[in-house]
Amino acid sequence: MERSREFIEGLRRELPVWKAEGIVTEGAARALVARYDLEQTGTTGAPIPDRTGPFAAAAAVAVALALGFALLLSGIGDGVLLPLTALAAAFAATPLIVRGAQLATAAQGVRTLGRIMFYVAAYVLSFVPFAEAARFKTGVVSEGLLAALPPLLLAAAAVATGHRRTDVDAHARGEAMLLVATVVAFAAGLSLDTGNGTALVATMSLAFFAVGRIVRGLAFLARGPFLEGIAVAAVLVASRAFDVFPSRWISLGIALAVLAAATAAVVGFERRRARAPALPASAPTA
């Protein structure tokens, strides 16, 4: 059966994303490559190795570390976590502006790194004492706010660029939009007199991300998103128990119950995944 060029190019672009999300196994990916002749070759006929993913991930880590050291050396004392969340939003929006199969793999790695950065920064801000300490203390000319503007504007531009692209995964687009909106909400919360607003925004954003990843994992039986969402939700709920209840025994009991529930959910997911049929070649994006 003749297949359109758009189908082949779409499958070549999305297959690395499916592998990264755990939707297809390495063996299934090789079978799809052989079935649809997806292997890219050069003029000599040898396969072109895809090294863009590791290089892009390393570059993203270098940028994150450079920004962290710059903030540390510059002595920024207010809003210090806001630039990290803005950079996380820019990383998460990377798949909205790249094109091509090789760059899709790199963009997926950068997007994953952006989520991890956001999880760490938002989790710290979800505690009122830390949110209180990270507030803006120099008004509208806060150094933290000024440092966050460039990556935030880049993330917003990427979201605007990918808003109408039909070849972009809707989940990745929604994730990037949520991050951009959350960074703006963080900036507003850090300008208040207390850290309560920032802590609430951080907690809700982590909860939304956890639910989104769990739903994505259940929809496509993808192990990666499901485990990620379960882990974020379990840590968030368990830590809130220690933060809310004065009794350590009650908090410990709730934490153990959360751990048991998360374990049961993972076992149930794996059983459901084992009974599921093989992923068809026309499966949606991860």
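Trainee: Help me understand the packing of helix H9 (residues 196-220) against helix H10 (residues 223-244), please; the structure alone is not making it clear to me.
Mentor: When two helices pack together, you describe them by how their axes are tilted relative to each other and by the distance separating the axes. Remark: H9 packs on H10, axes separated minimally by 7 Å, with the N-to-C direction vectors making an angle of 150°. In terms of their interaxial angle, H9 and H10 are classed as roughly antiparallel. For the pair H9 and H10, the crossing hand works out as left-handed. On H10, the residues that touch Thr203, Leu206, Ala207, Ala210, Arg213, Ile214, Arg216, Gly217 and Leu218 of H9 are Pro225, Phe226, Glu228, Gly229, Ile230, Val232, Ala233, Leu236 and Arg240. In the contact of H9 with H10, the residues fall into eleven nonpolar, three polar and four charged.

Trainee: Hey, could you run me through the packing of aromatic side chains in this one?
Mentor: Aromatic rings considered in pairs are described by the distance between their centres and by the relative angle of their planes. Under the criterion given, the structure shown has six aromatic pairs. Considering the side-chain rings of Tyr119 and Phe209, the 6.1 Å spacing of their centres and the 90° angle between planes classify their relative orientation as edge-to-face. Separated by 90 residues along the polypeptide, Tyr119 in helix H5 (residues 101-125) and Phe209 in helix H9 bring together distant segments of the chain. One exposure class covers both Tyr119 and Phe209, and it is buried. Residues Phe127 and Phe130 carry aromatic rings whose centres are separated by 6.4 Å and whose planes lie at 75° to one another, so their mutual orientation is edge-to-face. What makes Phe127 buried here is its relative accessible area of 18%.

Trainee: In this structure, what is going on with the pattern of salt bridges? I would like to understand it.
Mentor: Pairs can form between side chains of opposite charge whenever their charged atoms are close. Scanning all chains against the criterion turns up eight salt bridges. In this structure, Glu175 engages Arg111 in a salt bridge whose closest nitrogen and oxygen atoms are separated by 2.9 Å. With Glu175 in helix H8 (residues 170-190) and Arg111 in helix H5, this pair connects stretches of sequence that are 64 residues apart. Using a relative accessible area of 5% as the deciding quantity, one classes Glu175 as buried. The class for Arg111 is buried, based on a relative accessible area of 1%. Residue Arg216 is joined to Asp169 by a salt bridge in which the shortest nitrogen-to-oxygen separation is 3.7 Å. Placement of Arg216 in helix H9 and of Asp169 in the loop between helix H7 (143-162) and H8 is noted, with a sequence separation of 47 residues between them.

Trainee: Explain the nonpolar core to me, please; I cannot follow it from the model alone.
Mentor: In terms of nonpolar packing, the biggest core is built from 39 residues, with Leu82, Phe118 and Phe186 touching the most fellow members. Where this core is concerned, the elements lending two or more residues are helix H4 (82-92), H5, H7, H8, H9 and H10. With eight residues, H4 is the single largest residue contributor to this core.

Cut-off values and rules
Residues numbered from 1 in each chain as written. Predicted model: local features only at pLDDT ≥ 70, side-chain atom pairs only at ≥ 80, totals over all residues. Heavy atoms only, no water. Axes fitted to C-alpha atoms, helices over the stretch in contact; angles between N-to-C directions. Helix = DSSP H or I, 4+ residues; strand = E, 2+ residues; numbered from the N terminus. Parallel < 35°, antiparallel > 145°, perpendicular 65-115°, else oblique. Left-handed = near helix turned anticlockwise from the far one by under 90°. Contact = heavy atoms within 4.5 Å. Nonpolar A, V, L, I, M, F, W, Y, C, P; charged D, E, K, R; others polar. Phe/Tyr/Trp six-rings, centres within 6.5 Å; stacked < 30°, edge-to-face > 60°. Buried < 20%, exposed > 50% of the residue type's maximum accessible area, 1.4 Å probe, protein only. Salt bridge = Lys/Arg side-chain N within 4 Å of Asp/Glu carboxyl O. Core = buried A, V, L, I, M, F, W, Y, C linked by side-chain atoms within 4.5 Å.

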